[in-house]
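Reading the structure
Here's the letter readout for the chains.
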Amino acid sequence: MNGKFVTVEGCDGVGKSTQVRLLKERLEREGIDAVFTREPGGTPIAEKIRGIILDSDNSEMDGLTELFLYEASRRQHTKEIIEPALSKGKLVICDRYIDSTLAYQGYGRGLNVDMIRKLNEWAMGDVKIDLTLFLNVSSEEGFSRKGGASREDRLEKEKSEFYERIYDGFLRIAEKEKRFKKIDASGDKFSTHEKLYAYLKDNGYLNL
Ligand code: TMP
(Lines give C-alpha, C1' and ligand atoms only; values in the text may rest on other atoms or scores of the structure.)
Protein backbone atom coordinates (compact mmCIF):
# COMPACT_ATOMS: atom_id res chain seq x y z
CA MET A 1 0.00 0.00 0.00
CA ASN A 2 1.88 3.03 -1.20
CA GLY A 3 -0.77 5.68 -0.63
CA LYS A 4 -0.96 7.92 2.43
CA PHE A 5 -3.56 7.60 5.15
CA VAL A 6 -4.45 10.70 7.15
CA THR A 7 -7.07 10.68 9.89
CA VAL A 8 -8.69 13.77 11.40
CA GLU A 9 -9.75 13.60 15.04
CA GLY A 10 -11.24 15.86 17.67
CA CYS A 11 -14.02 16.19 20.20
CA ASP A 12 -17.56 17.05 19.15
CA GLY A 13 -17.98 20.76 18.47
CA VAL A 14 -14.40 21.54 17.41
CA GLY A 15 -15.41 22.19 13.79
CA LYS A 16 -13.89 18.99 12.44
CA SER A 17 -16.49 18.39 9.72
CA THR A 18 -16.11 21.99 8.55
CA GLN A 19 -12.34 21.56 8.38
CA VAL A 20 -12.62 18.33 6.41
CA ARG A 21 -14.99 20.06 3.99
CA LEU A 22 -12.72 23.09 3.56
CA LEU A 23 -9.79 20.80 2.89
CA LYS A 24 -11.75 18.77 0.36
CA GLU A 25 -12.83 21.93 -1.49
CA ARG A 26 -9.26 23.27 -1.50
CA LEU A 27 -7.73 20.07 -2.84
CA GLU A 28 -10.43 19.84 -5.51
CA ARG A 29 -9.71 23.44 -6.59
CA GLU A 30 -6.03 22.65 -6.80
CA GLY A 31 -6.59 19.41 -8.74
CA ILE A 32 -5.06 17.27 -5.98
CA ASP A 33 -6.51 13.77 -6.01
CA ALA A 34 -7.68 12.55 -2.60
CA VAL A 35 -10.33 10.22 -1.23
CA PHE A 36 -12.37 11.87 1.53
CA THR A 37 -14.34 9.59 3.77
CA ARG A 38 -15.70 9.35 7.32
CA GLU A 39 -16.47 7.11 10.27
CA PRO A 40 -18.74 5.74 11.34
CA GLY A 41 -19.85 5.23 7.75
CA GLY A 42 -18.13 5.69 4.43
CA THR A 43 -19.83 2.83 2.52
CA PRO A 44 -23.53 1.91 2.15
CA ILE A 45 -23.28 -0.91 4.72
CA ALA A 46 -21.24 1.19 7.16
CA GLU A 47 -23.62 4.15 6.75
CA LYS A 48 -26.50 1.84 7.73
CA ILE A 49 -24.55 0.87 10.85
CA ARG A 50 -23.97 4.59 11.54
CA GLY A 51 -27.74 5.08 11.39
CA ILE A 52 -28.25 2.40 14.06
CA ILE A 53 -25.52 3.82 16.33
CA LEU A 54 -26.72 7.43 16.18
CA ASP A 55 -30.47 6.73 16.25
CA SER A 56 -31.89 8.48 19.34
CA ASP A 57 -34.48 5.67 19.63
CA ASN A 58 -31.64 3.30 20.53
CA SER A 59 -30.98 4.72 23.98
CA GLU A 60 -31.01 1.17 25.40
CA MET A 61 -27.87 0.29 23.51
CA ASP A 62 -25.26 -1.48 25.58
CA GLY A 63 -21.74 -0.02 25.53
CA LEU A 64 -20.14 -3.16 24.12
CA THR A 65 -22.80 -3.43 21.43
CA GLU A 66 -22.00 0.14 20.46
CA LEU A 67 -18.27 -0.66 20.37
CA PHE A 68 -18.82 -3.70 18.14
CA LEU A 69 -20.97 -1.64 15.78
CA TYR A 70 -18.23 1.00 15.43
CA GLU A 71 -15.74 -1.76 14.72
CA ALA A 72 -18.07 -3.50 12.27
CA SER A 73 -18.56 -0.23 10.42
CA ARG A 74 -14.77 0.28 10.43
CA ARG A 75 -13.99 -3.16 9.08
CA GLN A 76 -16.37 -2.80 6.15
CA HIS A 77 -15.17 0.73 5.40
CA THR A 78 -11.51 -0.29 5.60
CA LYS A 79 -11.92 -3.26 3.24
CA GLU A 80 -14.21 -1.52 0.79
CA ILE A 81 -12.74 1.99 0.58
CA ILE A 82 -9.53 2.67 2.51
CA GLU A 83 -7.41 -0.37 1.67
CA PRO A 84 -8.16 -0.35 -2.09
CA ALA A 85 -7.47 3.40 -2.31
CA LEU A 86 -4.15 3.09 -0.45
CA SER A 87 -3.19 0.17 -2.71
CA LYS A 88 -3.73 2.46 -5.69
CA GLY A 89 -1.33 4.99 -4.15
CA LYS A 90 -3.98 7.52 -3.20
CA LEU A 91 -4.14 10.04 -0.40
CA VAL A 92 -7.01 9.05 1.91
CA ILE A 93 -8.37 11.57 4.42
CA CYS A 94 -10.76 10.09 6.96
CA ASP A 95 -12.95 12.10 9.34
CA ARG A 96 -12.48 10.03 12.56
CA TYR A 97 -10.97 6.56 12.81
CA ILE A 98 -9.55 4.24 15.50
CA ASP A 99 -8.57 7.00 17.96
CA SER A 100 -12.21 8.10 18.28
CA THR A 101 -13.04 4.61 19.55
CA LEU A 102 -10.22 4.71 22.08
CA ALA A 103 -11.20 8.21 23.20
CA TYR A 104 -15.02 7.83 23.24
CA GLN A 105 -15.64 4.16 24.09
CA GLY A 106 -12.39 3.67 26.02
CA TYR A 107 -11.61 6.84 27.96
CA GLY A 108 -15.15 8.28 27.65
CA ARG A 109 -17.32 5.26 28.46
CA GLY A 110 -14.70 3.36 30.42
CA LEU A 111 -14.46 0.21 28.27
CA ASN A 112 -11.16 -1.64 28.35
CA VAL A 113 -8.62 0.29 26.30
CA ASP A 114 -6.43 -2.74 25.54
CA MET A 115 -9.42 -4.66 24.23
CA ILE A 116 -10.30 -1.70 21.98
CA ARG A 117 -6.73 -1.54 20.67
CA LYS A 118 -7.00 -5.23 19.70
CA LEU A 119 -10.37 -4.75 18.00
CA ASN A 120 -8.98 -1.74 16.15
CA GLU A 121 -6.09 -3.85 14.89
CA TRP A 122 -8.48 -6.54 13.68
CA ALA A 123 -10.65 -4.01 11.90
CA MET A 124 -7.65 -2.32 10.26
CA GLY A 125 -5.91 -5.43 8.99
CA ASP A 126 -2.80 -4.30 7.09
CA VAL A 127 -3.76 -0.64 6.96
CA LYS A 128 -1.46 1.80 8.78
CA ILE A 129 -2.16 5.42 9.63
CA ASP A 130 0.57 7.83 8.47
CA LEU A 131 -0.70 10.95 10.18
CA THR A 132 -3.44 11.95 12.61
CA LEU A 133 -4.41 15.60 12.66
CA PHE A 134 -5.94 16.31 16.06
CA LEU A 135 -8.03 19.46 16.19
CA ASN A 136 -7.18 20.74 19.60
CA VAL A 137 -9.86 22.74 21.37
CA SER A 138 -10.44 22.35 25.10
CA SER A 139 -13.45 20.22 25.98
CA GLU A 140 -15.25 23.16 27.66
CA GLU A 141 -14.90 25.33 24.59
CA GLY A 142 -15.93 22.54 22.22
CA PHE A 143 -18.94 21.79 24.38
CA SER A 144 -20.06 25.41 24.55
CA ARG A 145 -19.44 25.88 20.79
CA LYS A 146 -21.96 23.18 20.13
CA GLY A 147 -24.38 24.82 22.53
CA GLY A 148 -24.19 22.18 25.25
CA ALA A 149 -26.09 18.92 24.87
CA SER A 150 -28.37 18.93 21.85
CA ARG A 151 -31.22 16.52 21.25
CA GLU A 152 -30.23 15.68 17.70
CA ASP A 153 -28.74 12.26 18.28
CA ARG A 154 -28.20 9.88 21.13
CA LEU A 155 -24.49 10.53 21.49
CA GLU A 156 -24.86 14.29 21.51
CA LYS A 157 -27.00 14.07 24.64
CA GLU A 158 -24.02 13.10 26.72
CA LYS A 159 -22.88 15.28 29.60
CA SER A 160 -19.93 17.65 29.60
CA GLU A 161 -17.93 15.36 31.93
CA PHE A 162 -18.06 12.73 29.26
CA TYR A 163 -16.48 15.19 26.80
CA GLU A 164 -13.82 16.07 29.33
CA ARG A 165 -12.80 12.41 29.64
CA ILE A 166 -12.75 12.11 25.86
CA TYR A 167 -10.56 15.19 25.47
CA ASP A 168 -8.14 13.93 28.14
CA GLY A 169 -8.15 10.56 26.36
CA PHE A 170 -7.13 12.14 23.07
CA LEU A 171 -4.30 13.98 24.85
CA ARG A 172 -3.09 10.69 26.32
CA ILE A 173 -3.13 9.03 22.92
CA ALA A 174 -1.26 12.05 21.50
CA GLU A 175 1.51 11.56 24.05
CA LYS A 176 1.99 7.94 22.96
CA GLU A 177 1.60 8.11 19.21
CA LYS A 178 4.24 9.81 17.06
CA ARG A 179 1.78 10.06 14.16
CA PHE A 180 -0.36 12.51 16.18
CA LYS A 181 -0.08 16.18 15.23
CA LYS A 182 -2.00 18.58 17.45
CA ILE A 183 -3.39 21.54 15.53
CA ASP A 184 -4.63 24.50 17.56
CA ALA A 185 -8.24 24.86 16.36
CA SER A 186 -9.33 27.54 18.84
CA GLY A 187 -9.16 30.38 16.27
CA ASP A 188 -11.47 31.06 13.33
CA LYS A 189 -12.13 28.33 10.79
CA PHE A 190 -10.03 29.88 8.04
CA SER A 191 -6.90 30.19 10.15
CA THR A 192 -7.33 26.58 11.30
CA HIS A 193 -7.77 25.54 7.69
CA GLU A 194 -4.51 27.27 6.71
CA LYS A 195 -2.68 25.42 9.48
CA LEU A 196 -4.01 22.05 8.36
CA TYR A 197 -3.28 22.70 4.72
CA ALA A 198 0.24 23.99 5.44
CA TYR A 199 1.06 20.98 7.58
CA LEU A 200 -0.03 18.56 4.85
CA LYS A 201 1.82 20.48 2.14
CA ASP A 202 5.04 20.98 4.11
CA ASN A 203 5.17 17.30 5.00
CA GLY A 204 4.76 15.95 1.49
CA TYR A 205 1.17 14.67 1.72
CA LEU A 206 -0.08 16.69 -1.23
CA ASN A 207 2.31 15.48 -3.90
CA LEU A 208 1.75 11.74 -4.12
P1 TMP B 1 -19.23 12.73 13.82
O2 TMP B 1 -20.08 13.72 14.56
O3 TMP B 1 -17.79 13.13 13.73
O4 TMP B 1 -19.80 12.32 12.49
O5 TMP B 1 -19.21 11.41 14.71
C6 TMP B 1 -20.39 10.85 15.20
C7 TMP B 1 -20.28 10.51 16.66
O8 TMP B 1 -19.71 9.22 16.81
C9 TMP B 1 -19.42 11.45 17.48
O10 TMP B 1 -20.13 11.81 18.66
C11 TMP B 1 -18.22 10.63 17.86
C12 TMP B 1 -18.75 9.24 17.87
N13 TMP B 1 -17.78 8.15 17.62
C14 TMP B 1 -17.49 7.28 18.67
O15 TMP B 1 -18.01 7.41 19.78
N16 TMP B 1 -16.62 6.25 18.42
C17 TMP B 1 -16.04 6.05 17.20
O18 TMP B 1 -15.27 5.10 17.00
C19 TMP B 1 -16.35 6.98 16.12
C20 TMP B 1 -15.72 6.80 14.78
C21 TMP B 1 -17.22 8.01 16.39
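It should be emphasised that the depicted structure is a prediction, and the values quoted were computed from it without experimental measurement. (Residues numbered from 1 in each chain as written. Predicted model: local features only at pLDDT ≥ 70, side-chain atom pairs only at ≥ 80, totals over all residues. Heavy atoms only, no water.)

Re the overall build of the chain
For clarity, the cut-off: Put simply, DSSP marks the helices as runs of H or I at least four residues long and the strands as runs of E at least two long, and each gets a number from the N terminus on. Only C-alpha atoms enter the radius of gyration, while the globule expectation follows 2.2 Å times N to the 0.38, with N the number of residues. Buried, partly exposed and exposed residues are distinguished by accessible area as a fraction of the type maximum, computed with a 1.4 Å probe on protein chains only: under 20%, between the cut-offs, and over 50%, respectively.
A tally of helices and strands in the chain yields eight helices and five strands. Shown N-terminal to C-terminal, the secondary structure of the chain runs as helices and strands in the order β-α-β-α-α-β-α-α-β-α-α-β-α. Its C-alpha atoms give the chain a radius of gyration of 16 Å, within 12% of the compact-globule value 17 Å for 208 residues. By its C-alpha atoms, the chain is 45 × 35 × 30 Å across when sized along the principal axes. Per-residue burial over the chain gives 51% buried out of 208 residues.

Concerning the layout of surface pockets
Spelled out, the test is: As defined here, a cavity is a set of points on a 1 Å grid over the protein atoms alone where a 1.4 Å probe fits but cannot get out. A pocket is an open set with protein on both sides within 12 Å along at least five of seven lines, and residues line them when an atom is within 4 Å of a point. Grid points are joined across faces, edges and corners, and a volume is the space filled by probe spheres set on the points.
Size it by volume and the second largest pocket reaches roughly 240 Å³. What lines the second largest pocket is a set of 13 residues, and nearest its centre among them are Ile98, Glu121, Met124, Glu177 and Arg179. At the level of secondary structure, the elements contributing two or more residues to the lining of the second largest pocket comprise helix H4 (98-108) and helix H5 (113-124).

Quick word on the pattern of salt bridges
Once their charged atoms are close, side chains differing in charge can pair, the charge on each being opposite to the other. Formally: One speaks of a salt bridge when a side-chain nitrogen belonging to Lys or Arg is within 4 Å of a carboxyl oxygen belonging to Asp or Glu.
Taken as a whole and judged by the stated rule, the model has 15 salt bridges. Residue Arg21 pairs with Glu25 through a salt bridge whose shortest N-O separation is 3.4 Å. Linking Arg21 with Glu25, this pair stays in helix H1 (residues 16-29), spanning four residues, or about one helical turn. Exposure remark for Arg21: the relative accessible area of 41% places this residue in the partly exposed category.

Describing the environment of Gly187
Put simply, the rule reads: When checking whether two residues touch, look at their non-hydrogen atoms; a contact exists if any pair is within 4.5 Å.
Turning to its location among the elements, Gly187 is positioned in the loop between strand S5 (180-184) and helix H8 (189-202). Exposure remark for Gly187: the relative accessible area of 37% places this residue in the partly exposed category. The spatial distance from the C-alpha of Gly187 to the C-alpha of Val137 is 9.2 Å, given a sequence separation of 50 residues. Discounting chain neighbours no more than four positions away, the residues touching Gly187 are Arg145 and Thr192.

Notes on the packing of aromatic side chains
Cut-off, in case you're wondering: Note on ring pairs: Phe, Tyr and Trp rings are taken, using the six-membered ring of Trp, and paired if centres are within 6.5 Å. Classes follow the plane angle, with under 30 degrees stacked, over 60 edge-to-face and the rest tilted. In this scheme, the term charge over a ring applies when either NZ of a lysine or CZ of an arginine sits within 6 Å of the ring centre and within 35 degrees of the ring normal.
This model, assessed by the stated rule, comprises seven aromatic pairs. An angle of 75 degrees between the planes, with centres 6.3 Å apart, marks the rings of Tyr104 and Phe162 as edge-to-face. With a gap of 58 residues between them, Tyr104 in helix H4 and Phe162 in helix H7 (residues 160-176) connect regions that are remote in the sequence. In this structure Phe162 comes out as buried when scored by relative accessible area, which is 5%. Look at Phe134 and Phe180: their rings are 6.0 Å apart centre to centre, the planes differ by 45 degrees, and that puts the pair in the tilted class. Placement of Phe134 in strand S4 (residues 131-136) and of Phe180 in strand S5 is noted, with a sequence separation of 46 residues between them. Across the pair, Phe180 and Phe134 agree in class, each one buried. Ring pairs connect the aromatic residues Tyr104, Phe134, Phe162, Tyr163, Tyr167, Phe170 and Phe180, which therefore count as one cluster. Looking at Arg26, its charged tip hangs above the ring of Tyr197, at a distance of 3.6 Å from the centre. Sitting over the ring of Tyr97, Arg74 keeps its end group 5.2 Å from the ring centre.

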